[in-house]
Amino acid sequence: MFPGAFDYRAPTSLDEVLELLREHGEEAKVLAGGQSLIPLLKLRLASPALLVDIGRLPGLQGMVRRNGTLVMGARTRHVDVERASLPAGLEILHDAAPQISDPLIRNVGTVGGSLCHADPAGDWGSVAIALGAGLALRSSRGERMVDAREFFKGPFTTALAADEILTEIHLPIPSGRAAGTYLKLERKVGDFATVGVAVQVEMDGPRVRRAGIGLTAVAPTNLQARAAEASLAGRELDDAAIAEAARLAAEAADPRDDIRGSAAYKRDMVRILVQRGLRTLRQRLEEVGP
Amino acid sequence: MSEIGVRVNGREQRHEVEPRVLLVDFIRTQLRLTGTHIGCDTSSCGACTVLLDGEPVKSCTLLAVQADGHEITTVEGLARGSELHPVQVGFHEEHGLQCGFCTPGMMLVAAALLERNPEPTEEEIRWAISGNLCRCTGYVNIVKAIQHAARLRQKPAPPVPTGGAG
């Protein structure tokens, strides 16, 4: 299979990228690792007139701490996250990264590319939602920050304007005791999630100060389980609180029957995975101590 | 057309390619290195695995232009002249293949793994090859072959026979 013909540019500066996007708008598509885009091009589901390869840009890679935030360059690969040393409380990134696709894809695919592709079965979207990540979007008009919880607009559709590019992912570093994890049910390595669940809690003494819960592959976008998050705030992570949050998350899910399972099964797996995830967090927090 | 410069199996090359040409087709058709196979052509099977700057990638899911300025190793680049790579010896001696279609990809993944992790556990080996499918072996002998290769890498090379006897 060959992609259809396209013009190709590989700029070496962000300004050039922004200028190309300003000029070509909807006709242009940004190529990062290409692990989602190239299959779409081959299947001719996408046929952009211009491909803007950001693979030769300096920077936009790796993670640095800046004012209580872990700033991740959008071109950071999944494997880079797997291998990175992370601040305490952001273990969810280490849990999620090795569950994405397979090792060869993770050597090429990028976190920013995955977020912008906005597949409702994508794993990073749920993690970004659970962490309350901020996404830095750049265009020739300037920069704006968009909350990950406001970024996903529909299947494969985001808040990005045609002339914008995601440059950085801002992950708040928890100041107190915090824990998070990502659980994924998949039929085999490399398959899309049947269901995925990202959970993150930040504690205030024995009680939850803030909870973040993102759901994968059970709605038209990665989904923030708002009611479940709210139900945990101010409570201890006891069995009753965990069960209620899990029930509310399952209620928020809106899955569809497909080859990976029935809607009812997936909804119940949301409940199970949220419960399992929160219990894991409780255990980790106990290990860390008060 | 775009001009790309790549280092393939240690040799610098410059080529004109159409931007939409996939890396695997560039390798097979323009470079005539047909050890890199096309299996599923949909990023699932790993038959097209090559090393890009030493890391295994699926060459059916990269454009040749993305490899510009990078180093590519194909299965043809594993042996040094007539001296087989330890992974090749491992696959030979432990019967790590039957039909052989997945073998180039499996061996490249194994070679990259052993560079990073010279003494992998069985679980680490199984995770490393989890992006590569084999329809024949049930993976048992592939794992054994990689374990054998890891042992071979640890040992100093045996003395070269000087002939005479036999």
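Rules behind the numbers
- Residues numbered from 1 in each chain as written.
- Chains lettered and ligands numbered in written order.
- Predicted model: local features only at pLDDT ≥ 70, side-chain atom pairs only at ≥ 80, totals over all residues.
- Contact = placed C-beta atoms within 7 Å.
- Helix = DSSP H or I, 4+ residues; strand = E, 2+ residues; numbered from the N terminus.
- Nonpolar A, V, L, I, M, F, W, Y, C, P; charged D, E, K, R; others polar.
- Buried ≥ 20, exposed ≤ 12 C-beta atoms within 10 Å, placed from the backbone.
- Expected span 1.5 Å × (residues − 1).
- Domains from an automatic or database assignment.
- Core = buried A, V, L, I, M, F, W, Y, C linked by C-beta atoms within 7 Å.
- Pairing = 2+ DSSP bridges.
- Axes fitted to C-alpha atoms, helices over the stretch in contact; angles between N-to-C directions.
- Parallel < 35°, antiparallel > 145°, perpendicular 65-115°, else oblique.
- Left-handed = near helix turned anticlockwise from the far one by under 90°.

Novice: Hey, could you run me through the interface of chain A and chain B in this one?
Specialist: Quoted interface sizes are often the accessible area lost when the parts come together. With 21 residues of chain A at the interface, the matching set in chain B holds 22 residues. In terms of residue count, helix α5 (residues 103-106) of chain A provides more of the side of chain A that touches chain B than any other element does, 3 residues in total. Per-class residue counts for the side of chain A that touches chain B are 14 nonpolar, 5 polar and 2 charged.

Novice: I would appreciate a short explanation of unusual backbone geometry in the present structure.
Specialist: Of all residues except glycine, most have a negative phi; of all peptide bonds, most are trans. With a phi close to 60°, Phe156 of chain A is a non-glycine residue in the positive phi region. Within the element layout of this structure, Phe156 of chain A appears in the loop between β8 (152-154) and β9 (157-158). A tally of 18 C-beta atoms within 10 Å means that Phe156 of chain A is categorised as partly exposed. Look at Asn9 of chain B: it is not a glycine, yet its phi comes out positive at around 50°.

Novice: For this particular structure, what's the right way to read helix α11 (residues 263-288) of chain A?
Specialist: The α-helix advances 3.6 residues per turn, and as a result positions three or four apart in sequence lie on the same side. All names here are of chain A. Taking 1.5 Å of rise per residue, the 26 residues of α11 would be expected to cover 38 Å, and the 37 Å separating its terminal C-alpha atoms lies within 8% of that figure. Along α11, the residues classified as buried are Lys266, Met269, Val270, Arg271, Leu273, Val274, Gln275, Gly277, Leu278 and Leu281. Those residues of α11 that are buried are in contact with β11 (178-185), β12 (195-204), β13 (207-216), α9 (226-232) and α10 (239-252). Looking one or two residues past α11, Gly289 carries a phi angle of roughly 90°, positive in sign.

Novice: Please explain helix α2 (residues 86-93) of chain B as it appears in this structure.
Specialist: Taken as a whole, α2 of chain B has its buried residues at Pro86, Val87, Gln88, Gly90 and Phe91 of chain B. Its buried side turned inward, α2 of chain B meets α3 (103-116) and α5 (140-154) of chain B.

Novice: I'm lost on the domain arrangement of chain A in this one. Help?
Specialist: Residue and element names in this part refer to chain A. Assigned domains within chain A: domain 1 (7-53), domain 2 (63-172) and domain 3 (178-288). Distance between the C-alpha centres of domain 2 and domain 3: 19 Å. Between domain 2 and domain 3, the residue contacts involve 24 residues of the former and 25 residues of the latter. Within the residue set of the side of domain 2 that touches domain 3, elements represented by two or more residues are α4 (91-96), α7 (123-131) and β8. Ranked by residues supplied to the side of domain 2 that touches domain 3, first place goes to α7 with 7 residues. Partitioned by chemical class, the residues of the side of domain 2 that touches domain 3 number 11 nonpolar, 8 polar and 5 charged.

Novice: Can you help me understand the nonpolar core in this one?
Specialist: General note: in soluble globular proteins, nonpolar side chains tend to be found buried as a group. Core analysis: the biggest nonpolar cluster contains 141 residues, and Ala249, Val270 and Val274 of chain A have the highest contact counts within it. At 9 residues, α3 of chain B tops the list of elements feeding residues into this core. Other than its neighbours up to four places away in sequence, Val270 of chain A contacts Val195, Val197, Leu215, Val218, Ala249, Ala250 and Ala253 of chain A.

Novice: So what exactly am I meant to see when it comes to the pairing of strand β2 (residues 11-17) of chain B here?
Specialist: All names here are of chain B. In this sheet, β2 lies alongside strand β1 (residues 2-8) in antiparallel orientation, the contact comprising 7 bridges. From the neighbouring strand, Gly5 faces β2, where its bridge partner is Arg14. With antiparallel pairing between neighbouring strands as the criterion, β1 and β2 make up a hairpin whose turn holds 2 residues, including Asn9 at a positive phi of roughly 50°.

Novice: Looking at this model, I keep getting lost on the domain arrangement of chain B. Mind explaining?
Specialist: All names here are of chain B. Entries for chain B in the domain assignment read domain 1 (2-77) and domain 2 (86-154). Across the boundary between the two partners, domain 1 contributes 16 residues, which contact 12 residues of domain 2. In terms of residue count, strand β3 (residues 49-52) provides more of the side of domain 1 that touches domain 2 than any other element does, 3 residues in total. Classifying every residue of the side of domain 1 that touches domain 2 by side-chain character gives 7 nonpolar, 8 polar and 1 charged.

Novice: Where do I start with the packing of α2 of chain B against α5 of chain B in this structure?
Specialist: The angle between the axes and the distance between the axes are what describe a pair of packed helices. Residues and elements named next belong to chain B. Orientation of α2 relative to α5, taken along the N-to-C sense of each, is 135°, at an axis distance of 8 Å. With respect to α5, the axis of α2 lies oblique. The interaxial crossing formed by α2 with α5 has right-handed handedness. Residues Pro86, Val87, Val89, Gly90, Phe91 and Glu93 of α2 touch α5, and the partners they reach there are Ala145, Ile146, His148, Ala149, Leu152 and Arg153. A breakdown of the residues in the contact of α2 with α5 according to their chemical character gives 8 nonpolar, 2 polar and 2 charged.

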